[in-house]
Structures are given as C-alpha cells and as structure tokens.
Amino acid sequence: MNEVCFKSLIKDQCWSLKTYEANGGYSVWCKILKGELTPEYIIDELKTSGLRGRGGAGFPTGLKWSFMPRHSDGQKYVICNSDEGEPGTCKDRDILRFNPHAVIEGMAIGGFVMNASVGYNYIRGEFMEPFYRFEDALKEAYKVGLLGRNINNSSVNFDLYTHLGAGAYICGEETALLESIEGKKGQPRFKPPFPANVGLFGKPTMINNTESFASVPEILRCGGQWFADIGVENSGGCKLFSVSGHVKNPANFEVPMGTPFKDLLKMAGGMRDGARLKAVIPGGSSTPVLTAKVAMNMTMDYDGIEKAGSMLGAGSVIIMDESTCMVEVLTRLTHFYYDESCGQCTPCREGTGWLYRVLKRIIDGNGEQTDIDLLLGVQDKIIGNTICALGDAAAMPVESFLRNFRLEFKYYIEHGKSMVKG
C-alpha cells in the first residue's frame, strides 16, 4: 500500500462502524437476525468457497464448522485466535487495527451457525493498539444493538469479549489458548478429545484465525463460488501475505491464491539495494526454507508451495539476500523456539535446547565435524513426538537449512567464521 492510500484510510477511519457499514458491513448479520439465512446454507457456502484456515493449519473452514455439535443443548463457544506469534507474521494485527468489525461480524456469524452464544477474541499481549481498536469496535457494535441478548428481538444471543494474553508463542496452539483463557498455564492438551467436543470450560468450542473470521462476511455477501473463483483449485479466494526481509517495501499484501511468487516480490518493490535473492521462507519461520531458484518458480497457494518443498503456513514470507549468513539465521530461529517451548514434552523441551546449543557452539567457532549429523539426529527425534506442533516447528527449519545450505555450515565448522561475511 502506498503512502497516499494509507493516509487516506487513516483519514476516513476505515476501522469505524460507519465506514464498515457503508461498504456492506453487517448486512449478512442483519439477514441472519431477520431469519433469512440458515446455518446449513452458511456452511454450504463456506464449503463452496474453498476457504481454508488462515492461521497456518489450512483446514477447510466450512468442514470445521460442520463438526460442531450445534444441535445439542448447553453452552458453546466461538474463539478467535489473534495470538499472532509466528516470526514473520504481521497480518492479523493489521486486520484488528484497520478492519475490526469484519472480525466481529465473522465471529457473530460463527456463533449463530454453531449455536454458540459467547465468543472470545484472544489477542496477543504485545498488541496494545489492535487490542484498543478492537475494544472500541466492540463498544460501537453493542451501542447500536448488533450484539447482546435477544438481538433486535430475533431470539439470537451473542456476547463477545476480548482476552489479552501475555505474549507466549505456545498460546497460538488452540488448546494452550483455551488453557490460558481458563486462567491456567498455557500448555497444549492431549487430543482427542478435540475442542469441537470438549473445549473451553469443557464445552464444545470452535476456534478459527483472525483472517478466517474476517473473510466470512464477504464470502456470504458475494457468494462462495465468487470467492472460490478468485483463487485456484484447493486454495480458494485471496490471502494476506506478510512480506518482510531484504525487500524495498516490506508490507502486507492481499493477493489471489495462486499468484506467482515473483509477482509478489515485485509488489514488495523487489530486492533491496539491488541485491540478489538467496533464500525464501514462505510461510513463517517454522516452515522449510527454499532456495531462490525454487522460490522464483513457485506459486503462492497450498499446493504450489508444497510442491516447492515448503508450506504456506500463515503466509509469512521472509526474504533473504546473498549477504545473509544461513548459519546465523538458523541459530536465531532455534533460540526462539528453545525460549518459547512450554517444556511439557521431553523431546521438545530437551531437543530445542540441543539444537540451539549445538548451533551456538558452531557460531562461537567451536563446531565439530559431527555437529551436522547431530543436528539432523536431534530434529528427527523431535518431529512427530510432541503433543503440539511447536516441536515440529522448531525441527523442520533445521532439516531444510542443512539440506539447502549445507556448505555454509561445513565452512563455518571448518573455518570458525561465516562463508558469507568472511
């Protein structure tokens, strides 16, 4: 987004209820309150749209909503996961800052479909501006009677609250998030049972990402097929990509699924200072790194990125030029996951520490020839052996960095210094 457009948005207060309604906001919610839409219709439209979870897992949203036991009696909950902690990801905070009412409407629609009368938006502890912006939007929605009990005499009940976390990466995992809302230490739960059956306070709970909820009202306004036609097969609609690193204009870009990576790179202004592209992490720091050659032939969708050898994740595109030391990058990433591990699972608690300490030893000039095999052995013992995906998130980058840039690691071990920086 250029500076002129950005200033225009700020001037018009794009986050206000007035602006949102002027662009069709809450029209779907009003139809629901008038009894014009059914839960079955909404689920079918979401399935047709091909919308997949925008938080990283990529599970089909319509299918996920259909799993909820919405016809059973008792309390149910809708949760928005706004705990955006993946390094390289900065899209959800902008949705909360500039389009909070889309999240509110999406969550309210989800509550209606799931027969859930209470919702929580779990916002990362460092996001104070997004938190206050969302709180103000909630006040606006309540003031005009769009939320609450027996809304507009429709017999529809939906109360929505914000819950501010403490900034723990592990609370981005859905069951650790539930534990945190309940006032407990944020640690993942064993599954099954899944949250759809036993979630918040032991009740059926549906959890989706911020971008997923924000997409729902527009899909229902324009039609599921409209959204599907924007993207490509198996990757419906458009997607927000957070482009950071060695580019001229790092920013969030919303593009159709299937957009070539090279086009996304051009939108970000190309490489900074005329440098050459070296590597790309396409889906956030927990996804495998790709070489420049592979990335330049990649399309930005689930299947395209998987074919290239990585994952779309949350759409966090980290760009690295030829001045980047891949040994230093991996060392920093492993330190992050070592620091953020909740310590519940032994393979993750001990394995992340081993990964960081071995790489730190290499960085300090004390590496040994056996260290590469040691790193590969440790990451192999972590993957698939933990309750949640944090262990996999810490281990997957290690294998891809060593596979694609092994010579840099060997050089660092042999010479005690970076091949790139000399």
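A brief structural summary. Small disclaimer: the values here were computed from a predicted structure and weren't measured. (Residues numbered from 1 in each chain as written. Predicted model: local features only at pLDDT ≥ 70, side-chain atom pairs only at ≥ 80, totals over all residues. Heavy atoms only, no water.)

## Quick word on the pairing of strand β11 (residues 316-321)
Of all six residues that make up β11, six are buried, and the element is covered over most of its length. Residues Ser316, Ile318 and Met320 point to one face of β11 and Val317, Ile319 and Asp321 to the other, with burial holding for every one of them. The sheet contact formed by strand β5 (residues 238-245) and β11 spans four bridges and is parallel. Each residue of the ladder has a partner; that of Gly245, found in β11, is Ile319. In the sheet, strand β8 (residues 277-281) pairs with β11 via four bridges, with the strands oriented antiparallel. What sits directly across from Val280, in β11, is Ile319. (Buried < 20%, exposed > 50% of the residue type's maximum accessible area, 1.4 Å probe, protein only. Helix = DSSP H or I, 4+ residues; strand = E, 2+ residues; numbered from the N terminus. Pairing = 2+ DSSP bridges.)

## Things to note about the sheet that holds β11
Ordered in space as β6-β5-β11-β8-β9, the five strands form an open sheet in which the pairing is mixed. The two strands at the open ends of the sheet, each matched to only one other strand, are β6 (251-256) and β9 (290-291). Pairing of β5 with β6, which is carried by six bridges, proceeds in the antiparallel orientation. The partner of Phe241 across the bridge, within β6, is Phe253.

## Details of empty space enclosed by the protein
Counted by the stated rule, this structure contains one cavity of 30 Å³ or more. Quantified by volume, the largest cavity comes out at close to 60 Å³. Residue lining of the largest cavity: Ile170, Pro188, Ser341, Cys342, Gly343, Gln344, Cys345, Cys348, Thr386, Cys388, Leu390 and Gly391, and that is the complete set. When grouped by side-chain class, the residues that make up the lining of the largest cavity number seven nonpolar, five polar and no charged. (1 Å grid on protein atoms, 1.4 Å probe; cavity = no way out; pocket = protein on both sides within 12 Å on 5 of 7 lines; lining within 4 Å. Points joined across faces, edges and corners; volume = space filled by probe spheres on them. Nonpolar A, V, L, I, M, F, W, Y, C, P; charged D, E, K, R; others polar.)

## A word on the layout of surface pockets
Approximately 1300 Å³ is the volume attributed to the largest pocket. Around the largest pocket sit 44 residues that line it, and Gly55, Gly56, Ala57, Gly172 and Glu174 are the ones nearest its centre. Put simply, the parts of the chain that give the lining of the largest pocket at least two residues each are β4 (205-209) and α18 (390-404). With five residues, the single largest contributor to the lining of the largest pocket is β4. Grouping the constituent residues of the lining of the largest pocket by class yields 18 nonpolar, 16 polar and 10 charged.

Honestly, it's all geometry; don't read function into it.
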